[in-house]
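Fold and contact review
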Amino acid sequence: MEAMQSHLAQLKAWLAYAGSCLMDSPSASGCQLFWTLMVLIGLVIAFMVVFVVSYKLIRIQLEYIRNRKLLEARMGVADPEVMKKYAWAADDFANELSQEELATLIRENKANVRTETT
């Protein structure tokens, strides 16, 4: 209990010292230690804030890059060899025909479909 009272008395003395330094001008000779500590504490807090904000921004940027790469991978097209393997055979057939031949085939197909449905 005595130790606690001693600490409380010391804390009251520090608070009185801080209060008197806050009321006096910053250039007072007895308050140089107080103002030096206040500046150091302020710098440490500012450094910690900058560090936390920078850390969060870097994490967000890395997550954005990772998600962009994932999206690009999902949207990627296969190699030309693989695409040839799965190409639709009708594409080649239509390229070999002239416009007139293709139109004739379409008309015949339409006529066949009409006769099948009636």
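Parameters at a glance
Residues numbered from 1 in each chain as written. Predicted model: local features only at pLDDT ≥ 70, side-chain atom pairs only at ≥ 80, totals over all residues. Heavy atoms only, no water. Helix = DSSP H or I, 4+ residues; strand = E, 2+ residues; numbered from the N terminus. Rg over C-alpha atoms; globule rule 2.2 N^0.38 Å. Areas by Shrake-Rupley, 256 points an atom, 1.4 Å probe, with all protein chains shown as cover. Disulfide = S-S within 2.5 Å. Buried < 20%, exposed > 50% of the residue type's maximum accessible area, 1.4 Å probe, protein only. Phe/Tyr/Trp six-rings, centres within 6.5 Å; stacked < 30°, edge-to-face > 60°. Salt bridge = Lys/Arg side-chain N within 4 Å of Asp/Glu carboxyl O. Axes fitted to C-alpha atoms, helices over the stretch in contact; angles between N-to-C directions. Parallel < 35°, antiparallel > 145°, perpendicular 65-115°, else oblique. Contact = heavy atoms within 4.5 Å.

In terms of regular secondary structure, the protein chain is built from five helices and zero strands. The secondary structure elements of the protein chain, listed N-terminal to C-terminal, are α-α-α-α-α. Relative to a compact globule of 118 residues, whose C-alpha radius of gyration would be 13 Å, the protein chain shows 41 Å and is clearly more extended. With the C-alpha coordinates aligned to their principal axes, the bounding extent of the protein chain is approximately 110 × 35 × 25 Å. Here the protein chain displays about 11,100 Å² of accessible surface, and carbon together with sulfur accounts for 65% of that area.

One pass over the structure, following the stated rule, counts one disulfide. Disulfide partner of Cys21: Cys31, at an S-S distance of 2.2 Å. As the torsion about the S-S bond is roughly -90°, the Cys21-Cys31 disulfide counts as left-handed. Of this pair, Cys21 sits in helix H1 (residues 2-23) while Cys31 sits in the loop between H1 and helix H2 (32-75); the two residues are 10 residues apart in sequence, bridging distant segments of the chain. Accessibility classification places Cys21 together with Cys31 in one group, the buried group.

With that settled, consider the packing of aromatic side chains. In the structure shown here, the tally under the stated rule is three aromatic pairs. Judged by centre distance (5.9 Å) and plane angle (85°), the ring pair of Trp14 and Tyr17 falls under edge-to-face. Taken as a pair, Trp14 and Tyr17 lie in helix H1 at a separation of three residues, close to a single helical turn. With a centroid separation of 5.1 Å and an interplanar angle of 75°, the aromatic rings of Phe34 and Trp35 are classed as edge-to-face. Note on Trp35: relative accessible area 26%, which makes it partly exposed.

Inspection of the secondary structure puts Arg68 in helix H2. Residue class for Arg68 comes out partly exposed when judged on its relative accessible area of 39%. Residues Arg68 and Leu37, 31 residues apart in the sequence, show an inter-C-alpha distance of 46 Å.

This paragraph deals with the pattern of salt bridges. Per the stated rule, a full pass over the model turns up one salt bridge. We note a salt bridge from Arg68 to Glu72, for which the minimum N-O separation is 3.9 Å. Highlighted residues: Arg68 and Glu72, both in helix H2, separated by four residues, approximately one helical turn.

This part is about the packing of H1 against H2. Contact geometry of H1 with H2 gives a least axis separation of 10 Å together with a crossing angle of 90°. When the interaxial angle is binned, H1 and H2 end up roughly perpendicular. Contact with H1, carried on its side by Tyr17, Ala18, Cys21 and Leu22, involves Leu33, Phe34 and Trp35 of H2 and no other residues of that element.

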